[in-house]
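Structural features, examined
In case you want the letters, here they are:
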Amino acid sequence: MRRLWYDARVRGWAIQAFLLIGVLGAALWIAQNTMMNLEARGIRVGLGFLARPTEFPISESLLPYRTGDSYGWAYVVGVGNTLWISVLAIVFSTLLGLLVALARRSAHPLLSAVAAVYVTLLRNMPLIVQLLFWYAVITTNMPSARRALHPLPGVYLSQRGIYLPSISAAAFCEILIAAAVAGLAMRGVLRHRRVTRGTLPAVGAAVVAGITAVATIAPKPHIPHLVGFNFEGGMALSPEFAALMIGLVLYTSTFIGEIIRGGIDAIARGQWEAARALGLPERELLSRIILPQALRVILPPLGSQYLSTVKNTTLALAVGFPDLALVINTVINQSGQALENLALMIAIYLSISLAISALINWYNAHVAIVVR
Amino acid sequence: MTSMTFAVVSRPIPPRAPPPKLRRPLWRLLFGDALSAAITLGTIALIAMLLPALKWATVDATWHAATPSACQGAGACWAFIGAKLRLILFGLYPPTQQWRPILVIAITLLMVLASLSPRVWGGRLALLWGGAILVMLTLMYGGFAGLAFVPTSKWGGMPVTLLLSVLSLAFAFPLSIALALGRQSDLPVARGLSILFIEIVRGIPLVAMLFVAAILLPLFLPAGWTIDKLGRTLAALTIFAAAYLAEVLRGGLQGLGAGQAEAAQALGIPYWRMIWRIILPQAIQKVIPPLTNTAVVMVKDTALVMIVGVFDMLGAGRAAATDPAWPAPYTETYMFVATMYFSICFGITIYAQWLERGVRKRSHG
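In this text, all values refer to a predicted model and were calculated from it rather than measured experimentally.

In terms of regular secondary structure, chain A is built from 13 helices and 5 strands. Relative to the 2.2 N^0.38 estimate, which gives 21 Å for 372 residues, the radius of gyration of chain A is 28 Å and therefore markedly larger than a compact globule would have. Out of the 372 residues belonging to chain A, those deemed buried represent 35%. Long-range pairs, those at least 24 residues apart, make up 63% of the contacts in chain A with a sequence separation of at least 6. When the accessible area of chain A is evaluated, it comes to approximately 21,500 Å², of which 68% is carbon and sulfur surface. Side chains of chain A carry 28 positive and 15 negative charges; the gap between the two charge centres is 11 Å.

This part covers the overall build of chain B. The helix and strand inventory of chain B stands at 15 helices and 0 strands. In terms of its C-alpha atoms, chain B occupies a principal-axis envelope of roughly 115 × 70 × 40 Å. When burial is assessed residue by residue, chain B has 43% of its 365 residues classed as buried. Sequence separation of 24 or more characterises 68% of the internal contacts of chain B that already satisfy a separation of 6 or more. Considering chain B, the positive charge centre built from 28 side chains and the negative charge centre built from 12 side chains are found 11 Å apart.

Another aspect to go through is the interface of chain A and chain B. Often, the extent of an interface is quoted as the loss of accessible area upon association of its parts. The interface of chain A with chain B comprises 51 residues on the first partner and 55 residues on the second. Taking both sides of the interface into account, the surface hidden between chain A and chain B amounts to around 4,500 Å²; carbon and sulfur atoms contribute 79%. Our count for the contact surface shared by chain A and chain B stands at 14 residue pairs in polar contact (both at pLDDT 80 or more). Those elements giving two or more residues to the side of chain A that touches chain B turn out to be α2 (8-41), α4 (109-123), α5 (127-141), α8 (239-265), α11 (316-319), α12 (324-335) and α13 (338-367) of chain A. Class assignment of the residues belonging to the side of chain A that touches chain B gives a composition of 35 nonpolar, 13 polar and 3 charged.

This part covers the nonpolar core. In terms of nonpolar packing, the biggest core is built from 158 residues, with Ile128, Val129 and Met345 of chain A together with Leu314 of chain B touching the most fellow members. Setting aside chain neighbours within four positions, we find Leu314 of chain B in contact with Ile128, Val129 and Leu132 of chain A together with Ala303, Met306, Tyr334, Val337 and Tyr341 of chain B. Phe56, Tyr65, Tyr71 and Val327 of chain A belong to the second largest nonpolar core, which has 9 residues in total.

This part takes up a nonpolar patch on the surface. On the surface, a cluster of nonpolar side chains totalling about 370 Å² of accessible area is made up of Val87, Val91, Phe92 and Leu95 of chain A. Here Leu95 of chain A lies in helix α3 (residues 71-105).

Residues and elements named next belong to chain A. One open sheet accounts for 3 strands, arranged β1-β2-β5; its pairing is antiparallel. Each of the sheet's edge strands pairs with one partner strand only, and the pair in question is β1 (156-158) and β5 (235-237). Between one strand axis and the next, the sheet turns through 15 degrees on average, direction left out of account. Where strand β2 (residues 161-164) and β5 come together, 3 bridges link them in antiparallel fashion. Among the inter-strand pairings, Tyr163 is bridged to a residue of β5, identified as Ala236.

The next subject is the pairing of β2 of chain A. Residues and elements named next belong to chain A. As paired strands, β1 and β2 are joined by 3 bridges and run antiparallel to one another. Following the sheet pairing, Leu157 is matched in β2 by Ile162. As consecutive antiparallel partners, β1 and β2 are separated by 2 residues.

Bringing the packing of aromatic side chains into the picture now. For the structure on display, the rule yields 18 aromatic pairs over all chains. Between the aromatic rings of Tyr351 of chain B and Trp354 of chain B, the centroid separation amounts to 6.0 Å while the plane-to-plane angle is 25 degrees, which identifies the pairing as stacked. Residue Tyr351 of chain B and its partner Trp354 of chain B are both found in helix α15 (residues 330-363); the two are separated by 3 residues, about one turn of the helix. For Trp354 of chain B, a relative accessible area of 43% gives the class partly exposed. Within the aromatic cluster, the residues linked to one another by ring pairs are Phe49, Phe56, Tyr65 and Tyr71 of chain A. In this structure, Arg202 of chain B packs its charged tip against the face of Tyr244 of chain B, placed 5.6 Å from the ring centre.

Moving on to the side chain of Thr313 of chain A. Residue and element names in this part refer to chain A. By secondary structure assignment, the location of Thr313 is in the loop between α10 (282-312) and α11. When its relative accessible area of 0% is taken as the criterion, Thr313 is described as buried. When near neighbours in sequence (up to four residues on either side) are disregarded, Thr313 contacts Thr82, Ile85, Ser86, Leu248 and Asp323.

Next up on the list: the packing of α3 of chain A against α4 of chain A. All names here are of chain A. The geometry of α3 relative to α4 is characterised by a closest axis approach of 7 Å and an angle of 130 degrees between their N-to-C directions. Between α3 and α4, the angle falls in the class oblique. Every pair of crossing elements has a handedness; the one defined by α3 and α4 is left-handed. Where α3 abuts α4, its residues Leu96, Val100, Ala103 and Arg104 lie against Leu111, Ser112, Ala115, Ala116, Tyr118 and Val119.

Here we take up helix α9 (residues 206-220) of chain B. Residues and elements named next belong to chain B. Of all the bends found along α9, the most pronounced is centred on Ala214 and spans about 40 degrees, while Pro218, a proline, follows it within four residues. A large share of α9 lies buried, amounting to 12 of its 15 residues. Of the positions making up α9, those classed as buried are Leu206, Val207, Ala208, Met209, Leu210, Phe211, Val212, Ala213, Ala214, Leu216, Leu219 and Phe220.

All names here are of chain B. In this fold, Met340 is placed in helix α15. Once the C-alpha coordinates of Met340 and Gly315 are considered, the two residues, 25 residues apart in sequence, prove to be 14 Å apart. Residues in contact with Met340, not counting those within four places in the same chain, are Leu89, Met158 and Met313.

Moving on, we get to the side chain of Thr152 of chain B. Here Thr152 of chain B is to be found in the loop between α6 (123-141) and α7 (158-184). Residue Thr152 of chain B is classed as buried on the basis of its relative accessible area, which comes to 12%.

The rules behind these values
Residues numbered from 1 in each chain as written. Chains lettered and ligands numbered in written order. Predicted model: local features only at pLDDT ≥ 70, side-chain atom pairs only at ≥ 80, totals over all residues. Heavy atoms only, no water. Helix = DSSP H or I, 4+ residues; strand = E, 2+ residues; numbered from the N terminus. Rg over C-alpha atoms; globule rule 2.2 N^0.38 Å. Buried < 20%, exposed > 50% of the residue type's maximum accessible area, 1.4 Å probe, protein only. Contact = heavy atoms within 4.5 Å. Areas by Shrake-Rupley, 256 points an atom, 1.4 Å probe, with all protein chains shown as cover. Lys, Arg positive; Asp, Glu negative; His and termini not counted. Charge placed at Lys NZ, Arg CZ, Asp CG, Glu CD. Buried area = accessible area lost by both parts, 1.4 Å probe. Polar contact = N/O pair within 3.5 Å; in protein donor to acceptor, adjacent residues only side chain to side chain. Nonpolar A, V, L, I, M, F, W, Y, C, P; charged D, E, K, R; others polar. Core = buried A, V, L, I, M, F, W, Y, C linked by side-chain atoms within 4.5 Å. Patch = residues over 30% accessible without salt bridge, like charges linked within 9 Å, V, L, I, M, F, W, Y side chains within 5 Å. Salt bridge = Lys/Arg side-chain N within 4 Å of Asp/Glu carboxyl O. Pairing = 2+ DSSP bridges. Axes fitted to C-alpha atoms, helices over the stretch in contact; angles between N-to-C directions. Phe/Tyr/Trp six-rings, centres within 6.5 Å; stacked < 30°, edge-to-face > 60°. Lys NZ or Arg CZ within 6 Å of the ring centre and 35° of its normal. Parallel < 35°, antiparallel > 145°, perpendicular 65-115°, else oblique. Left-handed = near helix turned anticlockwise from the far one by under 90°. Bend = angle between axes of the 7 residues up to and from the residue.

What follows is the structure, given as structure tokens:
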């Protein structure tokens, strides 16, 4: 008996058996309690409600939705909104974060001081307070639509939200395709490297042709204009969407800025000095020596920052933007099926998280140094 | 012939002074070349865009107002914060009893000040914190020795934010040690369960966890068992903090190297004593900066409990701002609340930097 107690393997199995029994027992206990409670309250569990028609509106969505569509479709619309604001927030906060990192690293004292204050200030306040603050600024401090602020041509700020000039989706696609063709053509030209006298006029002609083509195809943007008490035309960002985007992008950019700055700082000074000593031009120094190395340091924390940004979009429900969390909250109130809806909520966010981290891991492995 | 004697006299070359630091005058830095001048002007233009907001917050603001209707100017209504300060800081706690939450805030401050120096860290300080938490909770509840009983539904404001932060971190810390050890363990069941717990909690948003705690926890418990709303949100915050702290601690355990554990085993030190006396003290010391970071995250995350209807500082401020007598002073309220959070979180950040400097000084001898 004594020998058994001191045998590490036996003890290991005993501990694991106790753990397993304890966890399974707790799970069973919770399941039993839940079943009894559900029975006592007369709640039937099941996913049947997903096919039932809804009785609530969704104020704005990427995918079409009308009151009376099925609960299942409301879910799809919620997921669509969540992914949409996640992608937008990630793209814009990465761009802004890059600027913040460059500003903080710059030798310019005023610029780096402003960037440092910006980062310190926004990092140390809860995101939800910042979102509510921006929502309050838009809905209570902005003027009415008739006296909207007009900071840039075509841009209007008012209590009703933000109005921007826009172009139609078809025109946007045309411009995208034109840009892609132009990019490919440029790449083809640059591949040859040798720009001879013969090719120069051809390149010049192509550029002129491209500009005239864009100028003729380019559609007139829709500029918002005041009609009665509100604006018409252009792109309208609701106060909810605008507050969510401003708050989320500003907050996330401080974290991304610090990640990028840390990554560039992590590259040894010797790398800069050696590249300069070799006479590498400044642009290639950055693109061929510093950034590829910094990227390996930056990517893992950047990936987890993207993950937390997706999770942070759930705070949209504080300002009333209908992301998945707000839709599920409404569905729970309307259908009374809390258990299934919260299980679905956890399952959906877990799968989004797992998908993103799988993507990040794949990319990390792709750029990692191969150690032989 | 004269004999010649040679002597080698070596005179050390005095060390050369370092090259003078390139110190350019400030105006040269700001306007030295075209690029710097452009950046300077651009930054000034950016700051100038904030001037209307500054004017709103200072020159145009109403600082004192005898009645809510006096707050009709174009500027901020700071008078509202003054008038509703009690509601924002203490929520619905009975006004005659508000010395109790004030005392709780004072105890928290005192305890934080007392545990600043790493020299006092140890089992005795942990016990002292346990005692302080008990005293704070009994003070808030009351119901003895003539103190009126105050249910948690009446708690609010600053003490709730502080209690949620301190309690969630205090409860989560032991749990996170178990999870981090489990994740590093050789036992497959312990490792699997720890990984499952940590990854699931880290994969879902805190909002989902708060919903589960607020809506589903009563379903999970036998009929007749009730935990009030504050306790349920505390449970969610604790589980959340435990998963994140466990990952931080895992970093410390991995950074330790196998030699420490192997040496302890070679000396015949029993497992738990080895963990307690050798592994954990070193692992925790390694991860003090990210631990303080997690503390900042948790303080900020307590603001989310407003979503499930707990009156923390944010919830109390929001409730105060709905008073229809005042002209919708939401912006002012959120600015005030954000300032309070900022002072707590920035304080922790400064403290962490001070700690790190101390650690670096010691490791350089």
